[in-house]
Structure formats: structure tokens, C-alpha cells
2 protein chains.
Amino acid sequence: MRINKNYGNIEETYLFSEVAERVRQFMAKDPGACLIKMGIGDVTRPLCQTAVKAMVAAAEEMGTEKGFHGYGPEQGYGFLRDEIADYYQRTSGVKLFSDEIFVSDGAKSDIGNILDIFDVDNVVAVTDPVYPVYVDTNVMAGRKVIKLSATADNGFLPMPYPGLQADIIYLCSPNNPTGAAYDKERLTKWVEYANAHGSVILFDAAYEAFISDPDVPRTIYAIEGARSCAIEFCSLSKTAGFTGTRCGYTVVPSGLIRDGVQLRKMWLRRQTTKFNGVAYPVQRAAAACLHEQGIAEIMENISYYKENAKIIADTFTELKWPFTGGKNSPYIWVQCPHGMKSWPFFDDLLSRANVICTPGAGFGDCGEGYVRFTSFNSRENTEEAMKRIREIYGQE
Amino acid sequence: MRINKNYGNIEETYLFSEVAERVRQFMAKDPGACLIKMGIGDVTRPLCQTAVKAMVAAAEEMGTEKGFHGYGPEQGYGFLRDEIADYYQRTSGVKLFSDEIFVSDGAKSDIGNILDIFDVDNVVAVTDPVYPVYVDTNVMAGRKVIKLSATADNGFLPMPYPGLQADIIYLCSPNNPTGAAYDKERLTKWVEYANAHGSVILFDAAYEAFISDPDVPRTIYAIEGARSCAIEFCSLSKTAGFTGTRCGYTVVPSGLIRDGVQLRKMWLRRQTTKFNGVAYPVQRAAAACLHEQGIAEIMENISYYKENAKIIADTFTELKWPFTGGKNSPYIWVQCPHGMKSWPFFDDLLSRANVICTPGAGFGDCGEGYVRFTSFNSRENTEEAMKRIREIYGQE
């Protein structure tokens, strides 16, 4: 019996535990401090009523002889896949076929599990700073991971460069943690690169609902040629507040063929073998969110967070702190003032403003000197945090 | 870019599609036939009211500011892990620690995903006939799979034999498809084998709630030494009718160490990296099922299916058809009469009794000459199907 030795190569991420520890130490010294958490990566607004009603109705259905649902299709019920297809059509004019859409318990699961269908020998490219899951899941499998620097010089949007050899490319747009988003022109270059090199782009669109700029695609399939090189992951987590309700979807277009095999068929085989579908009441709730009244209600929540993001962005503009994100994204990635590094600024902000952010260095080498703010908070807290920041740092 | 070529080695299972096709052809010839499906592997009784109420309450909670739940712990909420620990204590006197229990969206997912933590070079042993997931998930990863014959000679319970070299051993007890269940003495031999050889037993206990024989363990941890060699998978699918609600759990004891590493820690790393927990309302429903009133209600459903199983078993006893299962299991594995092979008997039963079973040959070479009946049907249908079988085959 041998264990998978690659697990020994995963770097432990102490980012959030270190944040928690420093906050704990601070509170021990100053128990009366009124802390505001601006580093939260989780939504905070309740599920919309349309989703609640749909889930309640479906749960009650499950308690009846006639309405009981046992095993459903592993790839999701038709009623939800149809709603997802409609959503793409409405928001982006993109036509997807129902059998290209796979419903799951969330984008994180699919982003990890999709790697099953690829050989271990592929070279993986991720951007730096990066959502750690992209790296860890590949290190676990023994793949080589190369990093593409996201810096102020490239607008935090790394592009393919001459000589780049990458088989699997992770793009997250709008990005976590930077909030930067690829416009059509830039994304087209990646699609061209992938088609020319036979690479596959794993496109994480988890934050697509935050996009308001018409030049920023909400799906990679808005780019010509993407259907032959890209798999897209999306989720209701940030779109509809489903972080604790768990429903996402993955699109594998029929035209995506490698080594003569449709990746759609491989993923279908993977999912039918290692997955058994999403709870029926959750799928009903998800479908309700993507339909008329549901859309209106979830967009209200998105607008709320976007207004928070604007308040944060306006503050940093006023302070002349260079930042990205905040417009098409719930995240604001800001350069620490006075050339401070991430952790010293984290400490400074905590002790002087009693505001908690996330140190950018925790997301990769290129994150050093930056911190991440999120808009997943109440209006009141967001305004209060920015008020404190302006008062303290505006004087310097 | 290279795909995972091992996918090309997975055998396509045509079992259920072939069953569906033969039924379709039969119905085309005889549209008026009143078919009874005795091959169903899915539960048919509605969710118990306690589960429905808990899910409804939790869904409503999610729609409130105070009751909203975002990301939960990847390994499940404490309230559910505690209920599961209590369940083990009550049903088997087995003490588990909360951090050894991992809640998931179902046993199928975990049985597939657990392989992430093992090296590709391990030799895998499965029983034949077999639940295809055990084989396919390993073939996908490129592992060598050996088969242990489950036949009438060994009571459909393969045992370790001199010279057996197996690193990972799948045991499903009560078994799908045979319904045979390991008693303490037999299971102890497997635990001894695994500890002596450093193997890991993957114990699928999905049908444990159907066990009534006190000599048949409901968990492998009832066997001394199992905590250093076994991972157990269980689920509310068959226990509480959760096939469409999706909640299961996996136990990785702290004492299970290989290559100097706690497998519990590896699995925790796997789940925190590639999984994001189960829907909060589903976890609430699961916890409710395992608590007092819930247990009473789910055991009512189990009793209903067990009574169906008894009706089937009594019929085969009367007809003198050798069978196994039906006592500690919802499945009855019966030898086809007159030395018929699986598919000819399937056809015979379909055309003469209008009853659908599952041909045993579809589960492996050792399944030839057998068919599987299940108790997941209404009492009325079960009785009618058995009446037809007695009338037709009792005369011969």
C-alpha cells in the first residue's frame, strides 16, 4: 500500500488561519475594539425569497408519494439545465446545448474534479496571485504548475507570451483575488493561443454576475473559437448567495476535442461514475433563481454588493491608492500605502482602523504589497470602515 | 495537451440500457402488459416528515438575515457529525470522534474521490459480482484490479486466501448486488488480513440499516483492529430515502496510518481542497433523520422494504430457488431456474410474468446464472409479482 506522495508537496496555506490568529491576538490586547471584517470571501445577504419558496415547495414534494424524487440525472435535471442555457442566451447571446451543461454541488468541486480527465504530464499555467485551489489540486496529482505574473504593468491580466508552453490554463475573470476582468480583446488572445497550441482553458466565471462593463464578457463562449478550447465553471454561490446551498455548473462544449476524444463525453463518464447529482430541492431553488422573479431578486443583492464595492473604490480613488477591481467584481485589490508590504499593512489597518483585510502576499508572490477588500458586508459596516480608513490614512 | 488515456480502458456498462431496450421492445409487441419493475435500485417511499420539516425550516432560515448560512465546514457541520457519532454509538456501541467523520453529498462521490489519496501503483481487489463504481474509478486512474469470486460455494462472501496480494480491498456488506452480509467472524479475517499486509479496506456500509441479524456488524469498526485498516462509507440514501436529497458520510479513523501519514489528514486535505460541503438544509434534514423521531420514521420505511424482501425470499424458498440476501438487505440474489443464464431468464420472466429483474451477468462474470430482485417497490406490486412468479414457475 502506497499513499499518493504528491500530497507531501502541497504547500500549506496559512493565510486565513494567520489572519484569524493575528485578529485573536489583537482582540486579546484590545477587547473593546469594534472590528469590521473587510476580508470576507463569503456572501452575507440571505437567500432570495423566490429561492426559499422553491426549496420549501420541493422539500414538501419529497415528502409525498407522488412528488418524491430519488436518484436524478447525475448531470442535473433538464429543468435546471434549460434555465442555465436560457441564462447564457439572455445575458450573453450564447447558445449552449443542454448536454453541454453539467450541474454540480459547486464550482470548487468541478474545478478540482475536472483534472481527472487530463493526463498527469500536462503543464499547467495559473496566474499569480491565484485562488489556491488551482495550484493545490494539480500539485496533488503531480502536475507541473507555472505561474503567470499579474501585476500593475499588465493591468493584473496576464497574457500569453512568445514561448509560453501551457497545456492547461486557468483564467478567472472577474478575478479572485484581484477583481481584474478580461475584456473581449484580451480574452480573444487567450482563445487564439489555446486553439493554436491545443491547450485547454479552464475558465472560472464564478463572479460573472458582477460584470456591468459591456466590453467584459460574462462567459468565455462570447469569444469566437472558445467552444473548441474552453471549459467554463460557474456557480450560484456569488450569483445567488448559494455558498451554503451548493449548486454550480460546468460547461463542456461538444466542439472541445483533444486526442480525438470529446472532453464532454469524458466529463460525463467522470460524473456518472463518481457523482450522483445535486439534491432535488437545491436544483429547484437554483432554477427559480435564474427565472424572471428570481433574477430580479438576486440582482438586487448583487447591486447591493456592487454599491459597497463602489464605496470602497471611491475611497481608494480619493486616497490615491492604486487599485484594481471593484467595478465588475466584488473584490478590490489595492496597493498598500507608503510602499508597505501586505502583512505590515494588514497589522497597521487592524490596529489603527480596526479593519480586517486579506494580505495579498497570501495569494502568491505577486500579491506582495497588496491587500484584498471585499464588498460582502453590510452597507453600514462598509461605510464605517471606509470612513475610518479615510480619517486615518487621508491625513498622512 | 494529453487526455487521461485510462478512460479508454473503462468497460461500458450496458446493463441498465440493455434492460430498458428489451423492455421497450417487449412493450412495443404487447402494449397492454402490466409490467412490475423488481429491478429498481432506488428507494420509492417519500422522505419522512421529520426530514421534510427540518429541510423546510432550514430553507426558511436561509432566507433571513440571522439564519443565513454561507460556506460551512467542508467536512460537515458539527451538529450532523455529532448525530452520526451518536448513531454509531447507539446502533453498534462504536465510539467515533467528530474529526474522523466527513459529511458529503453521498457515498458514491466519496468512494470515487477517496482514491485521490492513494498511489496509482496499488493493487485493488473487488468482489465479483460487483458494484461497477469500484472498478471503473480505479480503471480511470490506471490501477490494476483483481476480482474475488463471490459464489454459492463461499456463500457469496469471498475471503482472503493464501498468496492474496491486495493493497486496497473493497467490501460491500450487506452486498450490492447479492445481499449477502459478512458476519463478525468473516469480517474479522479481513481485518486481520489488512492489518497484516498493510492493506486498506474500503468498507461500503450503504445498506447497514437493513441488518437485523445481531451477528452481522453494521459497521466494520465493530471489529477489533478495524480502526487501523478500514475506511467506511455510508449514506442516508438507503437508510433515509436520500437518493435524491444527497447526503452521506465517510469515516477515516485517526489510527489509520500508511507510509507514516494519517489518512484522515490526507482526506481532510482532499475535501477542503476539492469540496465545499453539503447544503445546510440537507445537513439539517440528515441530522433530523438520525435523531429520535426521525429514526422511528425512517425505520418504518426500512421495515416496509424488509417485509417486501421477506415476501420475495419466501416465494423463492417455496419454489426451491437458491438465493442469498433478503434478510439483512433490500436485495435478493437468486439463481435462475432450470440452469438458465441471466439474460434468457430475464427475457422469460419479462414475457411470461411481465416482471422485470436485473440480470446478474451485468455485475460480473460470477453473476452469470443469477438475477437480482429488489424490495424497493410497493407492497401491492411486490405481492402481485411474486404471485405471478409462483403461478408460472411453481407449475414446472
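Residues numbered from 1 in each chain as written. Chains lettered and ligands numbered in written order. Predicted model: local features only at pLDDT ≥ 70, side-chain atom pairs only at ≥ 80, totals over all residues.

The subject of this paragraph is helix α2 (residues 49-62) of chain A. With 14 residues, α2 of chain A should cover 20 Å at 1.5 Å per step; its first-to-last C-alpha distance of 20 Å lies within 8% of that length. Among the residues of α2 of chain A, those classed as buried are Thr50, Ala51, Val52, Ala54, Met55, Val56, Ala58, Ala59 and Met62 of chain A. Buried-residue contacts for α2 of chain A involve α9 (280-289) and α10 (292-319) of chain A together with α2 (49-62) and α9 (280-289) of chain B. (Helix = DSSP H or I, 4+ residues; strand = E, 2+ residues; numbered from the N terminus. Expected span 1.5 Å × (residues − 1). Buried ≥ 20, exposed ≤ 12 C-beta atoms within 10 Å, placed from the backbone. Contact = placed C-beta atoms within 7 Å.)

A separate point is the relation of the copies chain B and chain A. Between the two copies, chain B and chain A, the superposition gives an RMSD of 0.0 Å; the rotation angle is 180° and the shift along the axis is 0.0 Å. Seen this way, the second copy is the image of the first under a two-fold rotation axis. Minimal C-alpha distance to the rotation axis in chain B is attained by Val56 of chain B, lying at 2.5 Å. When the interface residues of chain B are mapped onto chain A, 100% of them again fall at the interface, so both copies present the same face. (Least-squares fit on C-alpha atoms with pLDDT ≥ 70 in both.)

Our focus in this paragraph is the sheet that holds strand β11 (residues 323-325) of chain B. Residue and element names in this part refer to chain B. Strand order in this open sheet of four strands is β11-β12-β15-β14, and the pairing throughout is antiparallel. Strands with a single pairing partner mark the edges of an open sheet, and in this sheet they are β11 and β14 (358-359). This element, helix α11 (residues 342-353), spans β14 and β15 (370-374) of the sheet and lies at about 50° to β15. (Pairing = 2+ DSSP bridges. Axes fitted to C-alpha atoms, helices over the stretch in contact; angles between N-to-C directions.)

All right, on to the packing of α2 of chain B against helix α10 (residues 292-319) of chain B then. All names here are of chain B. As a packed pair, α2 and α10 sit with axes 8 Å apart at the nearest point and diverge in direction by 130°. When the interaxial angle is binned, α2 and α10 end up oblique. Here Gln49, Thr50 and Ala51 of α2 lie close against α10, whose contacting residues are Gln293, Gly294 and Glu297. Residue composition of the contact of α2 with α10, by class: one nonpolar, four polar and one charged. (Parallel < 35°, antiparallel > 145°, perpendicular 65-115°, else oblique. Nonpolar A, V, L, I, M, F, W, Y, C, P; charged D, E, K, R; others polar.)

Let's shift gears to the confidence of the model for chain A. Chain-level statistics for chain A give a pLDDT mean of 97 and a share of 100% at 70 or above. Our summary of model confidence lists the complex with pTM equal to 0.97 and ipTM equal to 0.97. (pLDDT = per-residue confidence, 0-100.)

Moving on, we get to the packing of helix α1 (residues 15-29) of chain A against helix α11 (residues 342-353) of chain A. Residues and elements named next belong to chain A. Interhelical geometry of α1 versus α11 gives an angle of 30° and a closest axis separation of 11 Å. Here the hand of the crossing between α1 and α11 comes out right-handed. Together, Arg22, Val23 and Phe26 of α1 and Asp347, Leu350 and Ser351 of α11 make up the contact between the two elements. Its residues assigned to classes, the contact of α1 with α11 comprises three nonpolar, one polar and two charged. (Left-handed = near helix turned anticlockwise from the far one by under 90°.)

All names here are of chain B. Ordered by their spatial adjacency, seven strands build an open sheet running β2-β8-β7-β6-β5-β3-β4, and the pairing between neighbours is mixed. Two strands lie at the open edges of the sheet, namely β2 (101-104) and β4 (144-149), each paired on one side alone. If you compare each strand with its neighbour and ignore which way they point, the axes differ by 20° on average.

Take the nonpolar core next. In this structure, Ile201 and Leu202 of chain A together with Ile201 and Leu202 of chain B are the most contacted members of the largest nonpolar core, which totals 254 residues. Ignoring sequence-local partners within four residues, the contact set of Ile201 of chain A consists of Ile169, Leu171, Trp190, Ala194, Ile220, Cys229 and Ala230 of chain A. (Core = buried A, V, L, I, M, F, W, Y, C linked by C-beta atoms within 7 Å.)

Right, let's talk about the interface of chain B and chain A for a bit. At the junction of the two partners, chain B supplies 65 residues and chain A supplies 65 residues. Elements with a minimum of two residues in the side of chain B that touches chain A: α2, α4 (107-113), α5 (132-141), α8 (263-274) and α9 of chain B. The leading source of residues in the side of chain B that touches chain A is α2 of chain B, at seven residues. The residue makeup of the side of chain B that touches chain A, split by class, is 27 nonpolar, 21 polar and 17 charged.

With that settled, consider the pairing of strand β7 (residues 230-235) of chain B. Residue and element names in this part refer to chain B. Taken across its six residues, β7 has six buried, putting it largely inside the fold. Neither face of β7 is exposed, since Ala230, Glu232 and Cys234 on one face and Ile231, Phe233 and Ser235 on the opposite face are all buried. As judged from the four bridges shared by strand β6 (residues 200-204) and β7, these two strands associate in the parallel manner. Directly across from Ile201, in β7, lies its bridge partner Ala230. With four bridges joining them, β7 and strand β8 (residues 248-251) adopt antiparallel strand pairing. For Ser235, the partnering residue across the bridge sits in β8 and is Gly248.

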